[in-house]
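# An overview of the molecular structure
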Amino acid sequence: MKNFLFVWLRIFKYKWLSNCKRIEGYPSVFHPVLINGKGKVIFGKNVQIGVINSPYYYSHYSYIEARHENSLIEIGNNVSINNAFSVVSFSKISIADDVLIGVNCSILDNDGHRLSPENRQSEPISEHVLIGKNVFIGNNVTILKGVEIGKNSVIANGAVVTSSVPENVVVAGVPAKIIKQL
């Protein structure tokens with residue numbers, strides 16, 4: 001009963017509140033997800049959103065937004081996304097196959113607003129984001145515009161990734177730097 005009242009009704013509510021009409025694929029949803037925007041969201045096979053025995057299970061939701069008509073979010077096969085995830089695309093964000101994403105992670109392909117005071121109300125600058133195959137993203141990670149993360153790499157908890165990451169490395173810190181080769 002507790003699970004029905006505090007989780008499944010919220011999952012249904014957020015699905016009902018979602019306004020994105022261009023969704024392909026069917027993720028397994030264990031946590032409320034709000035999917036908004038005029039763009040396209042593509043889910044591969046075996047995509048899981050939400051983890052029952054993890055923080056924010058009862059209190060938060062995940063947010064996916066493909067803002068504009070030409071915006072695209074692609075999530076590959078066998079991707080597991082933990083609770084309180086957010087991804088906002090003005091252009092394109094691609095998450096390859098076999099990626100693990102921790103609790104409270106954000107991926108943004110834009111700045112949200114421009115920095116200069118006279119241009120803050122104009123469209124922000126956007127650059128594609130690519131998360132490579134078999135990447136492991138820890139908890140509380142932020143990945144910013146223009147970043148490409150190479151296959152098999154690990155992004156440590158709390159990292160802010162502001163520049164591209166090569167294959168087979170561990171990065172950590174703010175801003176994220178290579179700390180180990182795999």
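Residues numbered from 1 in each chain as written. Predicted model: local features only at pLDDT ≥ 70, side-chain atom pairs only at ≥ 80, totals over all residues. Heavy atoms only, no water.

All right, on to the overall build of the chain then. Along its length, the chain carries 1 helix and 20 strands. Computed over C-alpha atoms, the radius of gyration of the chain comes to 16 Å, within 12% of the 16 Å expected from 2.2 N^0.38 for 182 residues, which places it in the range of a compact globule. Principal-axis analysis of the C-alpha atoms gives the chain an extent of 45 × 45 × 25 Å. Looking at the chain residue by residue over its 182 residues, the buried ones come to 43%. Here the chain carries 18 positive and 13 negative side-chain charges, and the mean point of each set is 8 Å from the other. (Helix = DSSP H or I, 4+ residues; strand = E, 2+ residues; numbered from the N terminus. Rg over C-alpha atoms; globule rule 2.2 N^0.38 Å. Buried < 20%, exposed > 50% of the residue type's maximum accessible area, 1.4 Å probe, protein only. Lys, Arg positive; Asp, Glu negative; His and termini not counted. Charge placed at Lys NZ, Arg CZ, Asp CG, Glu CD.)

Moving on, we come to the environment of Ser54. Its place among the elements puts Ser54 in the loop between β5 (48-49) and β6 (62-66). Sequence separation between Ser54 and Asn82 is 28 residues, and the spatial gap between their C-alpha atoms is 7.7 Å. Residue contacts for Ser54: discarding those within four places in its chain leaves Asn82, Asn83 and Val103. A polar side-chain atom of Ser54 sits 2.9 Å from a polar atom in the side chain of Asn82. (Contact = heavy atoms within 4.5 Å. Polar contact = N/O pair within 3.5 Å; in protein donor to acceptor, adjacent residues only side chain to side chain.)

In this structure the tally under the stated criterion is 2 aromatic pairs. Relative to Tyr61, the ring of Tyr14 has its centre 4.5 Å away and its plane inclined at 25°; by these criteria the two rings are stacked. Placement of Tyr14 in helix α1 (residues 2-17) and of Tyr61 in the loop between β5 and β6 is noted, with a sequence separation of 47 residues between them. For Tyr61, a relative accessible area of 33% corresponds to the partly exposed category. Centroid distance Tyr57 to Tyr58: 4.9 Å. Interplanar angle 70°. Geometry classified as edge-to-face. Assessed through its relative accessible area of 3%, Tyr57 is described here as buried. Accessibility expressed as a relative area gives 42% for Tyr58, which makes it partly exposed. (Phe/Tyr/Trp six-rings, centres within 6.5 Å; stacked < 30°, edge-to-face > 60°.)

A few words now on the sheet that holds strand β9 (residues 86-89). Adjacent strands of a sheet form backbone hydrogen bonds with each other and so pair up, either parallel or antiparallel. Pairing within the open sheet is parallel, and its 6 strands lie in the order β3-β6-β9-β12-β15-β18. At either margin of the open sheet sits one strand with a lone partner, and together these are β3 (33-36) and β18 (160-161). (Pairing = 2+ DSSP bridges.)

The next subject is the pattern of salt bridges. In the structure shown here, the tally under the stated rule is 5 salt bridges. Its salt-bridge partner being Lys92, residue Glu74 comes within 3.8 Å of it at the nearest N-O pair. Remark: Lys92 occurs in strand β10 (residues 92-95) and Glu74 occurs in strand β7 (residues 72-75); sequence separation between them is 18 residues. On the basis of relative accessible area, Lys92 is assigned to the partly exposed category, the value being 28%. (Salt bridge = Lys/Arg side-chain N within 4 Å of Asp/Glu carboxyl O.)

Now for the pairing of strand β4 (residues 40-43). Judged by which residues are buried, β4 turns out to be one-sided: Val41 and Phe43 face inward and are buried, whereas Lys40 and Ile42, on the alternate face, are not. With 3 bridges joining them, strand β1 (residues 22-24) and β4 adopt parallel strand pairing. Considered in β4, the bridge of Glu24 is made with Ile42. One ladder, built from 4 bridges, connects β4 with β7; its direction is parallel. Paired with Lys40 across the bridge in β7 is Leu72.

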